[in-house]
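One-letter residues, chain by chain:
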Amino acid sequence: AAHGGNRAGVLVDWVQQCAKEPPMVIVAIEKGQKLIPMIRDSKGFALCQIPENDCFLEKMFKDSADGSEDDPFISIQVRQGRSGPPIVERALCYLDCEVVRHLDIESNYELYVGLIHEGNLLGGDSAQSSNGRSKKNRSDRSGGSKGTAA
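Conventions and cut-offs
- Residues numbered from 1 in each chain as written.
- Predicted model: local features only at pLDDT ≥ 70, side-chain atom pairs only at ≥ 80, totals over all residues.
- Heavy atoms only, no water.
- Helix = DSSP H or I, 4+ residues; strand = E, 2+ residues; numbered from the N terminus.
- Buried < 20%, exposed > 50% of the residue type's maximum accessible area, 1.4 Å probe, protein only.
- Contact = heavy atoms within 4.5 Å.
- Salt bridge = Lys/Arg side-chain N within 4 Å of Asp/Glu carboxyl O.
- Arc of directions from axis to C-beta.
- Core = buried A, V, L, I, M, F, W, Y, C linked by side-chain atoms within 4.5 Å.

Participant: So what about the environment of His3? Which residues, and what values?
Facilitator: Positionally, His3 belongs in strand β1 (residues 2-3). By relative accessible area, His3 is classed as partly exposed at 36%. Residues His3 and Pro85 lie 82 residues apart in sequence; the distance between their C-alpha atoms is 8.0 Å. Those residues in contact with His3 that sit more than four places away from it in its chain are Met38, Asp41 and Ser42.

Below is the structure:
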């Protein structure tokens, strides 16, 4: 997520598609993360699927979740998503989302429903068109990667 010149990102445990038309996902983010105010204020976030064997990215976003004040994107190549969040160029794919609902449930997580505005397989075919309608995704969905909310 990004807002007011600040950027933050964390590894997330749960992401789930929750609607097809329009395409939406729900993401659970542990309470207390520094990116929560950025998501709230910018009304947007990106989800980037990072390769399972990319120890550098995993460490960068784990350290960020553990309270590091450093910008986890400072030493990696990123570009700005349509709704403002950074997109990690080394990611396998990404979804750029607008927050349409926030649920503060009685647990250690907050839930965000994101309307997908853009997505892509980086270095591959487009997974989403610019209007957010799904195109056939030929990526392997059997695992082998971790997600990050940016």
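Participant: Can you lay out the pattern of salt bridges for me, pointing to particular residues and giving the numbers?
Facilitator: Where charged atoms from two side chains of opposite charge come close, those side chains can pair. Applying the stated criterion across every chain, the model contains four salt bridges. Linking Glu89 and Arg79 is a salt bridge whose minimum nitrogen-to-oxygen distance equals 3.5 Å. You can see Glu89 sitting in the loop between β8 (86-88) and β9 (93-104) and its partner Arg79 sitting in strand β7 (residues 78-80), a full ten residues away along the chain. Residue classification places Arg79 among the partly exposed residues on the basis of a relative accessible area of 30%.

Participant: Residue-level account of helix α1 (residues 35-42), with values.
Facilitator: Within α1 the residues assigned to the buried category are Leu35, Ile36, Met38 and Ile39. On an axial view of α1, the arc spanned by its buried residues comes to 160°, and they lie on one face. Positive backbone phi, at 60°, marks Lys43, one or two positions downstream of α1.

Participant: Kindly report on the nonpolar core, identifying the contributing residues and their values.
Facilitator: If you look at the biggest cluster of nonpolar residues, it comprises 17 residues, and the most contacted ones within it are Val27, Ile29, Leu35, Ile39, Phe45 and Tyr112. Broken down by secondary-structure element, the contributors of at least two residues to this core are β5 (24-30), α1, β6 (44-51), β9 and β10 (109-121). If one sorts the elements of this core by residue count, α1 sits on top with four residues. Non-local contacts of Val27, meaning those with residues more than four positions away in its chain, are made with Val12, Trp14, Val15, Phe45, Leu47, Glu110, Leu111 and Tyr112. Membership of the second largest hydrophobic core comes to eleven residues, among which are Cys48, Leu57, Ala91 and Tyr94.

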